[in-house]
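# Architecture at a glance
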Amino acid sequence: MQNYKKYLLAAAATLVFSANAMAAEKLRMGIEAAYPPFNSKDASGQVVGFDKDIGDALCAKMKVECEVVTSDWDGIIPSLLAKKYDFIVSSLSITDERKAAVDFTDRYYSNKLQFIAPKNVDFKTDKAYLKGKTIGTQRATLSGTWLEDNYGKDITLKLYDTQENAYLDLTSGRVDALLADKYVNYDWLKSDAGKDYEFKGEPVVESDEIGIAVRKGDPLKDKLNAALKEIIADGTYKKINDKYFPFSIY
C-alpha cells in the first residue's frame, strides 16, 4: 500500500510537470492588426499579413503553439511588459529609446521612410517647401520622431492612432502629405483609395531595421533569432516575402 501511494504521488507529479511543460510551450504574439500588408484583419476577423506569417513560421521552427493577441499601437510595448503576450511581431522599428524598455531580436526586415502626396501636386521635401505644411503620420513611430526632430515647429504635425486613419485624412485633404514606412505606402498606393497619390522625393531614412521585441533578459530572444536564421536559410522567409512583395524587404 505504501509503495502504491508513492506510485500515485509520483504519477501525479509527472502529470503536473507535463501539464506545466505543455503550458510553457504555448506562446502569445502581440500584433496591432491595423497596418496592412504587414498586419490587419480579414473579412472574418482573423489576423493576417506579413508579420503574422513570419510569427507563425518562427513558432513552427521553435515547435511551439502560438496564438495572436491584438493591441492598440500606443499600448503595444506596455502590454508586452504587462505580460499580456510574450513577444511583439508587429513591424516595430529598433530604436535606442525602445531598446531601453525591451530587447530586440535581429532584424526580420528593413524599411525606409518616404513621403506620399497627391500626384497632381509638385510636392517638395525640402525644409523651405514644407514650412507651413500639414504633415500626417502615425503616433509613436519612427516617422513621427523624425518629423519632430527635423522640422519641429516649421510644420503642423498631425498624429494618428492608426495608419488607416492617416490615409483617410490624406484622401479627405486634411493633410498635405504623409510620412510613413515605404512598404506600407507601397501597398496602399496600389489600392483604389491610393491611386491618385505617389511617392515624393527620396526616402528620408534609408535604414529602418524592424525587429521582434521581448521583455528584457528573456531567453526567448535567442530562440527567435535561431528560428529566424532557419527560415531564412531554408527558403521559408522568401516564400512569405514573395507573397506580399515582388522584391526582397530583408
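The structure displayed is predicted, hence computed values, not measured ones. (Residues numbered from 1 in each chain as written. Predicted model: local features only at pLDDT ≥ 70, side-chain atom pairs only at ≥ 80, totals over all residues. Heavy atoms only, no water.)

Time to look at helix α9 (residues 220-233). Given a rise of 1.5 Å per residue, 14 residues ought to cover 20 Å, and the 20 Å separating the end C-alpha atoms of α9 matches this to within 8%. Residues of α9 that are buried: Leu220, Leu224, Asn225, Ala227, Leu228 and Ile231. With its buried residues spanning 165° around the axis, α9 presents them on a single face. Of the exposed residues in α9, those oriented more than 90 degrees away from the buried face are Asp222, Lys223, Lys229 and Ala233. On its buried side, α9 packs onto β1 (26-31), α2 (50-62), β5 (87-93), β11 (197-215) and α10 (236-244). Gly235 lies just past α9 and shows a positive phi near 90°. (Helix = DSSP H or I, 4+ residues; strand = E, 2+ residues; numbered from the N terminus. Expected span 1.5 Å × (residues − 1). Buried < 20%, exposed > 50% of the residue type's maximum accessible area, 1.4 Å probe, protein only. Arc of directions from axis to C-beta. Contact = heavy atoms within 4.5 Å.)

So, on to the UniProt feature "domain: Solute-binding protein family 3/N-terminal" (unreviewed entry) in the chain. Those places that UniProt annotates as "domain: Solute-binding protein family 3/N-terminal" (unreviewed entry) correspond, in this numbering, to residues 26-248. Between the C-alpha atoms that bound residues 26-248 there is a distance of 31 Å. The span itself is 35% helix and 31% strand. (UniProt positions renumbered as here; feature names shortened; annotations may be inferred.)

A few words on the side chain of Gln114. By the element assignment, Gln114 lies in strand β7 (residues 109-118). On the accessibility criterion, Gln114 (5% relative accessible area) is buried. For Gln114, the residues in contact, after removing those within four places along its chain, are Leu178, Leu179, Ala180, Lys182, Asn185, Phe199, Lys200, Gly201, Glu202 and Pro203.

Strand direction decides the pairing type here: β1 and strand β4 (residues 65-70), joined by six bridges, are parallel. Among the inter-strand pairings, Leu27 is bridged to a residue of β4, identified as Cys66. Pairing geometry for β1 and β5, over two bridges, is parallel. The partner of Met29 across the bridge, within β5, is Phe87. (Pairing = 2+ DSSP bridges.)

Put simply, the largest pocket is a space of about 390 Å³. Forming the walls of the largest pocket are 18 residues, and the residues nearest its centre are Glu97, Arg98, Ala140, Thr141 and Thr145. Secondary structure elements with two or more residues in the lining of the largest pocket: α3 (76-81), α4 (96-99) and α6 (142-151). Sorting elements by how many residues they give to the lining of the largest pocket places α6 first, with four residues. Among the residues making up the lining of the largest pocket, the classes are represented as nine nonpolar, four polar and five charged. Split by domain, the lining of the largest pocket shows at least three residues from each of two domains, domain 1 (27-111 + 209-244) and domain 2 (112-207). (1 Å grid on protein atoms, 1.4 Å probe; cavity = no way out; pocket = protein on both sides within 12 Å on 5 of 7 lines; lining within 4 Å. Points joined across faces, edges and corners; volume = space filled by probe spheres on them. Nonpolar A, V, L, I, M, F, W, Y, C, P; charged D, E, K, R; others polar. Domains from an automatic or database assignment.)

In total, this model carries one disulfide according to the counting rule given. Covalently, Cys59 is tied to Cys66 through a disulfide, its sulfur atoms 2.0 Å apart. Torsion about the S-S bond of the Cys59 and Cys66 cystine: about -90°, corresponding to left-handed handedness. With a relative accessible area of 3%, Cys59 lands in the buried category. (Disulfide = S-S within 2.5 Å.)

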